[in-house]
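Here is what each chain is made of, one letter per residue.
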Amino acid sequence: MERKNKTTGKVAGIVANLVIVDVSGPVAQNEICFIHLAHERLMAEVIKVVGNHAYVQVFESTRGLKVGSHVEFEGHMLEVTLGPGILSRNYDGLQNDLDKMEGVFLTRGEYTDPLNREVKWAFKPIAQKGDKVTAGDWLGEVSENGMPHKIMVPFKMEGRYEINWVIEAGNYVVDEVIAKITDDEGNEFPLTMVQRWPVKMAIRAYKNKPRPFRLLETGVRCIDTLNPITEGGTGFIPGPFGTGKTVLQHAISKQAEADIVIIAACGERANEVVEIFTEFPELDDPRTGKKLIERTTIIANTSNMPVAAREASVYTAMTLAEYYRSMGLRILLMADSTSRWAQALREMSNRLEELPGPDAFPMDLSAVISNFYSRAGYVYLNNGSTGSITFIGTVSPAGGNLKEPVTESTRKAARCFYGLSQARADSKRYPAIDPIDSYSKYLEYPEVQESLEKNVGSEWLGDVLKAKDVLLRGKEAMEQINILGDDSVPLSFHDRYWKSELIDFVILQQDAFDKIDCSTPMKRQKYMLSSVLKVADSEFTFKGFEEVSGFFKEVINYFKQMNYSEFESEQFKAHEKALQAFLKERMN
Amino acid sequence: MESQAFQKIYTKLTNITKATVTLKATGVGYEEMAVVYGRLAQVVKIIGDQITLQIFSGTEGIPTNAEVTFLGRPPQLKVSDQLGGRFFNAFGDPIDGGPEIEGEVRDIGSPSVNPVRRRQPSQLIATGIAGIDLNNSLVSGQKIPFFADPDQPYNQVMANVALRAKADKIILGGMGLTNDDYLYFKKVFENAGALDRIISFVNTTENPPVERLLVPDMALTAAEYFAVDKNESVLVLLTDMTLFADALSIVSNRMDQIPSKDSMPGSLYSDLARIYEKAVQFPSGGSITIIAVTTLSGGDITHAIPDNTGYITEGQLFLRRDSDIGKVIVDPFRSLSRLKQLVIGKQTRKDHPQVMNAAVRLYADAANAKTKLENGFDLTDYDERTLDFARSYSDKLLAIDVNVDTETMLEIAWDLFGKHFSKAEVGVKQEFTDMYWKG
Ligand SMILES: Nc1ncnc2c1ncn2[C@@H]1O[C@H](COP(=O)(O)OP(=O)(O)OP(=O)(O)O)[C@@H](O)[C@H]1O
Ligand SMILES: [Mg+2]
């Protein structure tokens, strides 16, 4: 798309943030342009071309814009700037550094540099003169918040090159030329620590992408135990408003076993982003002891920010994740909420007067979503190292109805389904993940099963299936009790129901706001599951159904006190002992 | 009506619909205001030299040769301390017979706050209503609507909350307010001796519906003036946002846009979010808190208006008549304040979160018992006790006529626990039962 002379044009029509531009030269689909007003420039993206009319979506308010305004096309698509210094930053959907903006209110047309050009990084060469390299190969390394940040051959460089020169170890700014490479024809290319990449294109600088096979620990019991997600896996969390999507995502992003966490707040509340700004600098990363914010980057395009930039925000986040994956790191990418992104697509498609699909969403919605999810994954890089992007998106179904287009399209794309249930949220059974309807396809992968057996324990899979079975049988028993009445069913129905309640209260329910209960390491999950299953496997004799519920409520209460105590602490053991004593009385 | 010298007057409309007119004109800015046949209008579409204007009061009687002048500016409001105690229409013109406001002119619907410049809301707002303070505590800088059927006394509850909230300014944005409710607000504010703290922008049922679209932005522009320029805590009351959304759908319908769910425009989420997200805690101390009303039809919260609202706001307060006690209560199941965890157990007593959850869980058990009863099953002793508990809980804590402090609410809850249940049935952390259990 590179051109010698910039194409220019003039504004010919305005409908909200859709602007029609009369162009006087070549333009490309998705090309970026700037509309010039008296005092500011508004960034926009070409989304349709008809004759010499380019339809552009403006990433800002178009208030005051007039017909005839000058437009300049940039000759490239929407790009992000990649280099050291992205971690701990707060960007908007177009990767503007929000902290660099002046004033309390956002100013239209203010675009800020995502990187710091002054700070010096301690560069250590990895490659040397004479090495043959291709896009994505590591030239050197700097330490970004203690994380090895690889400086790579830019992804845009096609073909093979030979390294002519690499700068010696030392402290350099990002714009310093740190290596020179030549192509077959002897053309030399100076490289800095900075490169750019168009967000809507996947970065493919890796050898291959196997099926994910290793568990990604999140500390959330009803995910890790019942429906685990894998490193490089994909999952989605649909749920009516207020059922706990954001709380769950925040919990995962605090606790998950990842090197880097990228959070895209896509069309949701600004206060939820503020919560991250406020809390993450205080919280420790349980694995490295450093502050959580040091491994986190936030893309904040909240619901009151321009709609077109909302669509861009998820792509910006994904591209940053791909960049870090190419360094051999494990990335956890969160998007809240992908429905807002789909709605942004809908708003634009309606303004373009395209033929609408179901619920007025664009016809290609499903393809757009699948394409996006496919960018996640576990990869082997060209040098044999591995990297991963685990992606979890939330979905906000209209009216809480899971039969709507965004949920249905996402179901086809994501491999884990964590459906939040209104009924569970209403009765404060958090996290409100429905234990029966939710699934992880990864549990069926032989390579995942093998890895679980090796890393968690040989009896683990059996225990998990047993727990699922108890839950299902409990649900069936409850339905029967509800239909027939407490005393018209055999006592065993009550026993079955309460055993599922036991698993529900002790394993599934988890208090995200309790210091200890919020995160459960795998070792503890294993211990608790086997303890609970021991009770579920036992036979008790009861005189009547009221005794069943009374008994199990006591048992649940002991287990809950254990959940609130530090694992294997005195307190934990005391509660456990009391539980054993109580059980012994009843055991036969 | 304002006018400027050297203004060009157009007199040839090429197209008239129920809400819009189109004419040929040049040099016009998007969203610019205009006067058409003496009525205020705004530019909503420009294609070449064809300008489409939305007429706020409708196009009835407008002839094709009507005079059109463009004002060269977006909708604006004059802000100053003189706003205090005054009543305005949707255009910001006084309707109380008082003088015009002198002050700085501000564009309404201005840009949003940079998220990194926000502060986390942290100040508890006490209302005395336990259905709110105990179960769904409000925090300044929050945005939260009442969900209520049209026959619920939501405006009364909202007025109570507003007056008890200790805000520096209360700004009422009334949309499609009945004249009776308008007079009601006027009277309670006057009786409370609070009139000088209160500013009202009112569109009543007697005014054209499309005018309502300006009300939230007017109210919030005034709110930003007091919160940013004067560092005040401002409470904005928006009632009824369902009627606001209805006006949005009228406009988009008449502009031939493809409707999405429930014939609402596809942009409903963004349109509402733009308003609600104005709620903010500023770094310099000022804040804007938004309490709104979203009326439901037959309690249906899956309708596009409450549904989109719920996805935007930080919770909702659901009003419902409890036929067992004959009072209106704040329903603990469907109500939620998402910011409550920032303050409960921190600015209130430590046992607050656990007591709140335990009570709601037991109330849920009562609901199950009730279903059993309705289906003709025998109740267990536990069922009977939950039902007893639920009746007292509803009467002493959930009803909207409760007015006590939070500590008393907690004590009442412990009383009820001790009276109806065992410790294991309540299931609260032992640390708290040790301290507060009333056996
Ligand atoms: N694990 C949890 N533990 C305790 N409370 C929870 C938990 N999850 C959710 N909640 C409660 O539910 C409220 C709503 O949760 P959250 O904001 O995550 O909902 P959401 O699904 O993201 O809603 P929306 O779609 O409107 O954004 C929280 O403010 C909190 O009070
Ligand atoms: Mg959320």
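### Re the overall build of chain B
Here comes step 1: From N to C terminus, chain B includes twelve helices and 21 strands.
Here comes step 2: Radius of gyration (C-alpha) of chain B: 25 Å, near the 22 Å computed for a compact globule of 439 residues.
Here comes step 3: Its C-alpha atoms give chain B principal-axis dimensions of about 85 × 50 × 40 Å.
Here comes step 4: Burial statistics for chain B: of 439 residues in total, 61% are counted as buried.
Here comes step 5: The contacts of chain B with a sequence gap of at least 6 include a subset with a gap of at least 24, amounting to 72%.
Here comes step 6: About 16,100 Å² of surface is accessible on chain B, with carbon and sulfur atoms providing 47% of the total.

### Points about the domain arrangement of chain B
In many analyses, interface size is given as the accessible surface area lost on bringing the parts together.
Residues and elements named next belong to chain B.
Here comes step 1: Parsing chain B into structural domains produces domain 1 (9-70), domain 2 (76-338) and domain 3 (352-436).
Here comes step 2: The centre of domain 1, based on its C-alpha atoms, is set 30 Å off from the matching centre of domain 2.
Here comes step 3: Interface area for domain 1 against domain 2, summed over the two sides, is near 860 Å², with a carbon-plus-sulfur share of 77%.
Here comes step 4: Joining domain 1 to domain 2, the criterion identifies zero salt bridges.

### Quick word on the nonpolar core
All names here are of chain A.
Here comes step 1: Counting 83 residues, the largest nonpolar core has F59, F123, M193, I262, Y324 and W341 as its most contacted members.
Here comes step 2: The leading source of residues in this core is helix α4 (residues 307-325), at eleven residues.
Here comes step 3: Not counting residues up to four positions away in its chain, the partners in contact with Y324 are G83, I86, L87, E144, H149, I260, L329 and I331.
Here comes step 4: The next biggest cluster of nonpolar side chains, apart from the first, holds 79 residues, and it includes L292, L502, L529 and A536.

### Observations concerning the pairing of strand β6 (residues 70-77) of chain A
Each regular strand carries side chains that alternate between the two faces of the sheet.
Here comes step 1: The pairing of strand β1 (residues 8-15) of chain A with β6(A) spans three bridges and is classified as antiparallel. Bridge pairing links A:T8 to A:E72 in β6(A).

### Overview of the sheet that holds strand β13 (residues 161-166) of chain A
Residues and elements named next belong to chain A.
Here comes step 1: Sheet architecture is open: four strands sit in the order β10-β13-β15-β16, paired in antiparallel fashion. Edge positions in the sheet fall to β10 (132-133) and β16 (188-191), since each has one partner strand and no second.
Here comes step 2: Sheet analysis places β13 next to strand β15 (residues 179-182), joined by four bridges and oriented antiparallel. Bridge pairing in β15 places E162 opposite T182.

### A closer look at the interface of chain A and chain B
Here comes step 1: Taken together, the contact between chain A and chain B spans 76 residues of the former and 79 residues of the latter.
Here comes step 2: Summed over both partners, the interface of chain A with chain B comes to about 6,200 Å²; 54% of that surface belongs to carbon and sulfur atoms.
Here comes step 3: Looking only at chain A, the three residues that lose the most surface to chain B are A:R63, A:F241 and A:R269, adding up to 14% of its buried area.
Here comes step 4: The tally of links between chain A and chain B comes to four salt bridges.
Here comes step 5: One can count 31 residue pairs in polar contact (both at pLDDT 80 or more) joining chain A with chain B.
Here comes step 6: Breaking the side of chain A that touches chain B down by element, the ones donating at least two residues are β1, α3 (270-279), α4, α5 (338-351), α8 (422-426), α10 (460-484) and α13 (545-563) of chain A.
Here comes step 7: In terms of residue class, the side of chain A that touches chain B is made up of 30 nonpolar, 23 polar and 23 charged.
Here comes step 8: With two bridges connecting them, β1(A) and strand β5 (residues 39-47) of chain B associate as antiparallel partners.

### Looking at the environment of B:K396
Residues and elements named next belong to chain B.
Here comes step 1: Relative to the helices and strands, K396 is located in helix α9 (residues 381-398).
Here comes step 2: Look at K396 and you get partly exposed, because its relative accessible area is 40%.
Here comes step 3: Taking the C-alpha atoms as reference points, K396 and I290, 106 residues apart in sequence, are found 27 Å from one another.

### Points about empty space enclosed by the protein
Here comes step 1: If you walk through the whole model with that rule in mind, you get nine cavities of 30 Å³ or more.
Here comes step 2: Considered as a void within the structure, the largest cavity measures approximately 210 Å³ in volume.
Here comes step 3: The residue inventory of the lining of the largest cavity, partitioned by class, reads nine nonpolar, six polar and six charged.
Here comes step 4: Volume-wise, the second largest cavity comes out at about 150 Å³.
Here comes step 5: In terms of lining residues, the second largest cavity is bounded by 15 residues, among which A:G242, A:Q422, A:D426, B:Q316 and B:F333 are the most central.
Here comes step 6: Among the elements that make up the lining of the second largest cavity, the one with the highest residue count is α8(A) (three residues).

### A closer look at the site of ligand 1
Here comes step 1: For ligand 1, the set of nearby residues contains 20 residues, the closest of which are A:G242, A:K245, A:T246, A:V247 and A:R269.
Here comes step 2: At the site occupied by ligand 1, the surrounding residues belong to chains A and B.
Here comes step 3: Measuring from an oxygen atom of ligand 1, one finds a backbone N or O atom of A:G242 at 2.8 Å.
Here comes step 4: Note that an oxygen atom of ligand 1 is positioned 3.1 Å from one of the side-chain N or O atoms of B:Q341.
Here comes step 5: A total of 630 Å² of accessible area belongs to ligand 1 in isolation, and the protein chains cover 94% of it.
Here comes step 6: Broken down by secondary-structure element, the contributors of at least two residues to the shell around ligand 1 are α2 (245-255) of chain A together with α7 (304-312) of chain B.
Here comes step 7: Among the elements that line the shell around ligand 1, the one with the most residues is α2(A), at three residues.
Here comes step 8: Considered class by class, the residues forming the shell around ligand 1 number eight nonpolar, seven polar and five charged.

### Some remarks on the pattern of salt bridges
Here comes step 1: By the definition in use, this model includes 60 salt bridges over all chains.
Here comes step 2: Notably, a salt bridge pairs A:E231 with A:R214, separated by 3.2 Å at the nearest N-O pair. Taken together, the residues A:E231 in the loop between α1 (221-226) and β18 (234-238) and A:R214 in the loop between β17 (195-198) and α1 connect sequence positions 17 residues apart.
Here comes step 3: One salt bridge connects B:K372 with A:D486, and the closest N-O pair in it is separated by 2.3 Å. With B:K372 in helix α8 (residues 352-374) and A:D486 in the loop between α10 and α11 (491-508), this residue pair bridges two chains.
Here comes step 4: With a relative accessible area of 8%, A:D486 lands in the buried category.
Here comes step 5: Three or more residues are tied together by salt bridges with common partners; here these are B:R349, B:D351, B:E407, B:E411, B:D415 and B:K438.

### Considering the sheet that holds strand β11 (residues 138-144) of chain A
Residue and element names in this part refer to chain A.
Here comes step 1: Spatial strand order, β12-β11-β9-β14: four strands in an open sheet with antiparallel pairing. Of all the strands in the sheet, just β12 (147-152) and β14 (170-172) have a single pairing partner and so form its edges. Taking the axes of each pair of neighbouring strands and ignoring which way they run, one obtains an average angle of 40° across the sheet.
Here comes step 2: Two elements, β11 and β12, share six bridges in a ladder whose sense is antiparallel. Note on β12: the bridge partner recorded for E141 is K150.

### Describing the packing of aromatic side chains
Residues and elements named next belong to chain A.
Here comes step 1: Within this structure, the stated rule accounts for 46 aromatic pairs over all chains.
Here comes step 2: Measuring from ring centre to ring centre gives 6.2 Å for Y527 and F572, while their planes differ by 50°; the resulting arrangement is tilted. Remark: F572 occurs in helix α14 (residues 570-586) and Y527 occurs in helix α12 (residues 522-537); sequence separation between them is 45 residues.
Here comes step 3: Note on F572: relative accessible area 1%, which makes it buried.
Here comes step 4: Seen in terms of ring centroids, F542 and F552 are 6.3 Å apart; in terms of plane orientation they differ by 45°. Their pairing is tilted. Taken together, the residues F542 in the loop between α12 and α13 and F552 in helix α13 connect sequence positions ten residues apart.
Here comes step 5: When the ring centre of W165 is taken as origin, the NZ or CZ atom of K180, which lies over that ring, is 5.0 Å away.
Here comes step 6: One residue, R411, lies across the ring of F417, its end atom 4.5 Å from the ring centre.

### Structural notes on the packing of α10(A) against α12(A)
Residue and element names in this part refer to chain A.
Here comes step 1: Interhelical geometry of α10 versus α12 gives an angle of 55° and a closest axis separation of 10 Å. Considering their axes alone, α10 and α12 lie oblique with respect to each other. Seen from above, α10 lies across α12 with left-handed handedness. Residue-level contacts link W460, D463, V464, K466 and A467 of α10 to M522, Q525, K526, L529, S530, L533 and D537 of α12.
Here comes step 2: The residue makeup of the contact of α10 with α12, split by class, is six nonpolar, two polar and four charged.

### Comments concerning the packing of helix α2 (residues 154-164) of chain B against helix α3 (residues 179-191) of chain B
Residue and element names in this part refer to chain B.
Here comes step 1: In the contact formed by α2 and α3, the axes pass within 11 Å of each other and the chain directions differ by 25°. Between α2 and α3, the interaxial angle falls into the category roughly parallel. In the crossing of α2 with α3, the sense of the turn from one axis to the other is right-handed. Contacts between α2 and α3 pair N155, Q156, M158, A159 and L163 from the former with D181, Y184, F185, V188 and F189 from the latter.

About the criteria used
- Residues numbered from 1 in each chain as written.
- Chains lettered and ligands numbered in written order.
- Predicted model: local features only at pLDDT ≥ 70, side-chain atom pairs only at ≥ 80, totals over all residues.
- Heavy atoms only, no water.
- Helix = DSSP H or I, 4+ residues; strand = E, 2+ residues; numbered from the N terminus.
- Rg over C-alpha atoms; globule rule 2.2 N^0.38 Å.
- Buried < 20%, exposed > 50% of the residue type's maximum accessible area, 1.4 Å probe, protein only.
- Contact = heavy atoms within 4.5 Å.
- Areas by Shrake-Rupley, 256 points an atom, 1.4 Å probe, with all protein chains shown as cover.
- Domains from an automatic or database assignment.
- Buried area = accessible area lost by both parts, 1.4 Å probe.
- Salt bridge = Lys/Arg side-chain N within 4 Å of Asp/Glu carboxyl O.
- Core = buried A, V, L, I, M, F, W, Y, C linked by side-chain atoms within 4.5 Å.
- Pairing = 2+ DSSP bridges.
- Polar contact = N/O pair within 3.5 Å; in protein donor to acceptor, adjacent residues only side chain to side chain.
- Nonpolar A, V, L, I, M, F, W, Y, C, P; charged D, E, K, R; others polar.
- 1 Å grid on protein atoms, 1.4 Å probe; cavity = no way out; pocket = protein on both sides within 12 Å on 5 of 7 lines; lining within 4 Å.
- Points joined across faces, edges and corners; volume = space filled by probe spheres on them.
- Near = heavy atom within 4 Å.
- Axes fitted to C-alpha atoms, helices over the stretch in contact; angles between N-to-C directions.
- Phe/Tyr/Trp six-rings, centres within 6.5 Å; stacked < 30°, edge-to-face > 60°.
- Lys NZ or Arg CZ within 6 Å of the ring centre and 35° of its normal.
- Parallel < 35°, antiparallel > 145°, perpendicular 65-115°, else oblique.
- Left-handed = near helix turned anticlockwise from the far one by under 90°.

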